[in-house]
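# Summary of structural features
Here are the chains, one letter per residue:
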Amino acid sequence: MSRSVLIVSVCVVIVGMAAVATVVLVRGESSASPQMSEEQRATREKFFGTGKELPPVEKGQELRPRW
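It should be emphasised that the depicted structure is a prediction, and the values quoted were computed from it without experimental measurement. (Residues numbered from 1 in each chain as written. Predicted model: local features only at pLDDT ≥ 70, side-chain atom pairs only at ≥ 80, totals over all residues. Heavy atoms only, no water.)

## Thoughts on the overall build of the chain
When you go through the chain residue by residue, the secondary structure sums to two helices and zero strands. Buried positions account for 0% of the 67 residues belonging to the chain. Surface summary for the chain: the accessible area is close to 7000 Å², and the carbon and sulfur share equals 64%. (Helix = DSSP H or I, 4+ residues; strand = E, 2+ residues; numbered from the N terminus. Buried < 20%, exposed > 50% of the residue type's maximum accessible area, 1.4 Å probe, protein only. Areas by Shrake-Rupley, 256 points an atom, 1.4 Å probe, with all protein chains shown as cover.)

Structure (structure tokens):
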């Protein structure tokens, strides 16, 4: 077995392991997060002041405050 074939084989194995690890991590992150309990929702509303979602950003609207 020549040295170049060995190096190419090791590279292919490393790329395959990286691909498998990427798929596992992406699938783990994409799973839906559990819904908030009523206690968590009440605490959020108390801290942030409202339970409603924020309005969408209009086109051209700045996200930073004007001081």
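## Quick notes on the pattern of salt bridges
Counted under the stated rule, the structure contains one salt bridge. Glu-38 is the salt-bridge partner of Arg-41, the closest N and O atoms lying 3.1 Å from each other. With a gap of three residues between them, Arg-41 and Glu-38 both fall in helix H2 (residues 38-48), about one helical turn apart. By relative accessible area, which is 27% here, Arg-41 ends up partly exposed. (Salt bridge = Lys/Arg side-chain N within 4 Å of Asp/Glu carboxyl O.)

## With respect to a nonpolar patch on the surface
A cluster of nonpolar side chains, namely Met-1, Val-5, Leu-6, Val-10 and Ile-14, defines an oily patch on the protein surface of about 520 Å² accessible area. Look at Ile-14 and you get exposed, because its relative accessible area is 52%. (Patch = residues over 30% accessible without salt bridge, like charges linked within 9 Å, V, L, I, M, F, W, Y side chains within 5 Å.)

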